[in-house]
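Below are the chains, spelled out letter by letter.
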Amino acid sequence: MRFLTGSTAVFLGLAVAGCNSDRLTIPNYNSPTSEGVAADPQALQLTANGILVDTRGDIGGWISGTARIGREAYSYTPTEGRNTTTYLVGPQDPTRGAGNSFWGGYYSDLRNIANFNISVEASTRLTDAQKAASIGFSETFAGLDLSFIVAAHGNYGGPVEIMDDPRELSPWVSRDSIYNTAIARLELGKTKLEAGGASFPFSLNSGFAGFDKPDGFLKINRAIAARVNAYRASLGVSGCGAAFSAACYATVLTNISGSFINTADLSSGPVWVYSSAAGDSQNPFANSTSWVAHPSIKDDAQLQASGQPDQRYTDKIRTLARPVGPGGAVPGIETDQAFKIFSAVDDPIPLISSAELVLLRSEAKWFTGDKAGAIADLNIVRVNDGKLPPSTLTVASSNNDFLTALLYERRYSLLIEGHRWVDVRRFGMLNTLPLDVPEHTRFDDLIIPKSECDIRKNDAPSCGGK
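Cut-off values and rules
- Counting from 1, residues in each chain are numbered in the order their sequence is written.
- Under the rules for a predicted model, residues below a pLDDT of 70 receive no local features and side-chain atom pairs below 80 are neither given nor counted, while totals for whole chains, interfaces and linings still include all residues.
- Side-chain metrics in this entry use all non-hydrogen atoms of the structure; hydrogen atoms and water are not considered.
- Comment: elements are numbered from the N terminus, with helices defined as DSSP H or I runs of at least four residues and strands as E runs of at least two.
- Relative accessibility under 20% of the residue-type maximum defines a buried residue, over 50% an exposed one, and the middle range a partly exposed one, all with a 1.4 Å probe and only protein chains included.
- Residue contacts follow a heavy-atom distance rule, with two residues in contact if any of their heavy atoms lie within 4.5 Å.
- Here, Shrake-Rupley sampling with a 1.4 Å probe gives the accessible areas, and only protein chains in the shown set may cover a residue.
- Counted as salt bridges are all cases of a side-chain nitrogen of Lys or Arg within 4 Å of a carboxyl oxygen of Asp or Glu.
- Two cysteine sulfurs form what is called a disulfide whenever their separation falls within 2.5 Å.

A. Just the overall build of the chain, in detail. Looking only at helices and strands, one finds 18 helices and 8 strands in the chain. Within the chain, the proportion of its 466 residues that are buried is 54%. Across the chain, every contact between residues at least 6 apart in sequence was considered, and the portion connecting residues at least 24 apart equals 72%. Summing over all exposed atoms, the chain offers an accessible surface of approximately 19100 Å²; the carbon and sulfur share of this is 52%.

In structure tokens form, the structure reads like this:
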């Protein structure tokens, strides 16, 4: 059972208050208490597993939703037209789909992290180093969760605090405050991991091989910090000044220097693992006949010197025997492109990879004045991942030319990992997304879910016509 957070908890609280509440106060036998976890090492392992499982559970929805909004993929389900209309046509539906999917799960994760932290601090079995390692682990995921929330709903802001009483509403804060809080929690995670000793008091799964001790996990923390700080720098979030802030991009370079970046193995990094084992989850895109690629992925692929398409296209995309379309009256176009990647039940999904870090470093170098270094990093990915000739960029190229080149490499190296829509928005290039039919829309943000608006009596941005 997941811990309650946000509007769900408040609704339940109001329901209980209207009855004889003392007769309804009974133990929750399905949810561990902080005291119980603090006293039981096995319970600590289970709650750590819960953080991993919950965060992994969010990634499938994030990728599928942003891929449709970002014109990477379609979900052509004949019996469910809203898989297309909600994400491509609008208006957004605040009860489901794009406006609703990227909200409650992340706040539930943050509630679980808060309870995990309380349990760790209350434990009399853990050493100070073990407590620090545990908090460093959880705070890293707190920063990651907040980064997803602000990437999806940035213009509207949102809450960042998890209140001790889940029935109490958290204050609403701005986009800038969410970014700054995400970074603060990642920095807290860094400090704790540095004091975390030689090992965690729990085990991590095989997706974290090589990163399963505090010093290794610190490299993941720094990688995520690099991503969040790059987003912050490109947008000009409070503390950075104008967009594409050199000062904030300098922080990105510092973050990357402490990460696991490996130019010899661009696929290296932690991954979300899946399996067909009983009780585990399968890759959410495996064996899906409705999950297809946007046709532009073929048309836009650049050519190798041999005349063959970008190697990333060849490795990740397949051509169907016949095109498929949305069916019925749902507006859309046919495509004969589908995915090779994430097609098996045990295919892992990257949490963050060296390819992403090299491209983040390229971005940061360009906007801190090291344009030759930025082009060199771009070519590391372009030549090795794509098997393409080196970029024609020069140090005299415009920022717009650089961003166009960077977006291309990010699009194909990070295909279906949840980045393209976020990238075109933060670079002010949303208009580069195709409009396949007149009814389609380019969403520049996602609305706040109806459940959150209801409990706040529409007193939040995007609620009640705001």
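B. How the structure looks around the environment of phenylalanine 443. Among the secondary structure elements, phenylalanine 443 is positioned in the loop between helix H17 (420–426) and helix H18 (450–455). Taking C-alpha positions, phenylalanine 443 is 8.4 Å from leucine 430, a pair spaced 13 residues apart along the chain.

C. A look at unusual backbone geometry. Phi is positive for isoleucine 416, close to 55°, though the residue is something other than glycine. Relative to the helices and strands, isoleucine 416 is located in the loop between helix H16 (399–413) and H17. Look at isoleucine 416 and you get buried, because its relative accessible area is 1%. We note that lysine 457 has phi near 55°; this positive angle belongs to a residue other than glycine. With relative accessibility at 75%, the residue lysine 457 sits in the exposed group.

D. Fine view of the pattern of salt bridges. Overall, the coordinates contain 19 salt bridges when judged by the stated rule. Of the charged contacts, one joins arginine 185 and glutamate 139 as a salt bridge, the two residues approaching to 2.7 Å between their closest N and O atoms. Residue arginine 185 is found in helix H9 (residues 175–194), and its partner glutamate 139 is found in helix H8 (residues 128–153); the two are separated by 46 residues along the sequence. With a relative accessible area of 3%, glutamate 139 lands in the buried category. Arginine 167 serves as the salt-bridge partner of aspartate 165, at 3.1 Å between the closest nitrogen and oxygen. Salt bridges sharing common partners tie together Asp310, Arg312, Arg382 and Glu409.

E. Geometry of the state of the cysteines. The tally for this structure, following the rule as stated, stands at 2 disulfides. Two residues share a disulfide in this structure: cysteine 240 and cysteine 248, whose sulfurs sit 2.1 Å from each other. Classification of the bridge connecting cysteine 240 and cysteine 248 rests on its S-S torsion, roughly -105°, and on that basis the disulfide is left-handed. With respect to class, cysteine 240 is no different from cysteine 248; both count as buried.

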